[in-house]
Amino acid sequence: DKDGCKLMCMSKDKFLGYQEMLGSRLKDLLAFNVLRSIPLLKDVKSDQLLSVLDRFQPVSKKAGETIVQQGVIGQNFFISCKGTMEVIIDQKKVASLAPHTFVGERSLLSDDVTAADVIAST
């Protein structure tokens, strides 16, 4: 499937507002079934999970488009609903990420620059 990635996006302000509820589990490791399949959220109460889900907006990225750019202050938290992503550090591919994985959380939590480029691959 060459349609690219389907993602959910949460702004930094909204993400930080939910940081306390998500707790430190986020540092270690959001449609409803996608959220529930993420280990981070598996024990969150359904009403809280629906509240989190309401804060996301759908985003589509074509294969080859940048989701996260290395070296900038991150502004969004992404969860892949469909498609895979490639993680690239200093122009070298270091990982492929499957659907239902998330990116962008570290720079939101630390206010540091992003560690890698993340590119939609399928």
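Residues numbered from 1 in each chain as written. Predicted model: local features only at pLDDT ≥ 70, side-chain atom pairs only at ≥ 80, totals over all residues. Heavy atoms only, no water.

This paragraph deals with the nonpolar core. In this structure, Met-8, Leu-35, Phe-56, Phe-77 and Ile-79 are the most contacted members of the largest nonpolar core, which totals 18 residues. Contributions of two or more residues to this core are made by β1 (5-11), α4 (32-37), α5 (46-53) and β4 (76-82). Take this core: its biggest share by element is three residues, from α5. The next biggest cluster of nonpolar side chains, apart from the first, holds eleven residues, and it includes Cys-5, Leu-7, Val-59 and Met-85. (Core = buried A, V, L, I, M, F, W, Y, C linked by side-chain atoms within 4.5 Å. Buried < 20%, exposed > 50% of the residue type's maximum accessible area, 1.4 Å probe, protein only. Helix = DSSP H or I, 4+ residues; strand = E, 2+ residues; numbered from the N terminus.)

Our focus in this paragraph is the pattern of salt bridges. A full pass over the atoms with the stated rule returns two salt bridges. With a closest N to O distance of 2.1 Å, Lys-12 and Asp-111 form a salt bridge. When the shortest N-O distance is used, the salt bridge between Glu-86 and Lys-93 registers 3.6 Å. The class of Glu-86 is partly exposed, set by a relative accessible area of 23%. Under the relative-accessibility criterion, Lys-93 is labelled partly exposed at 46%. (Salt bridge = Lys/Arg side-chain N within 4 Å of Asp/Glu carboxyl O.)

Looking now at the pairing of β1. Burial within β1 is extensive, with five of its seven residues counted as buried. The pairing of β1 with strand β2 (residues 57-61) spans five bridges and is antiparallel. Bridge pairing links Leu-7 to Val-59 in β2. Relative to β4, β1 is paired through six bridges, and the arrangement is antiparallel. Among the inter-strand pairings, Cys-9 is bridged to a residue of β4, identified as Phe-78. (Pairing = 2+ DSSP bridges.)

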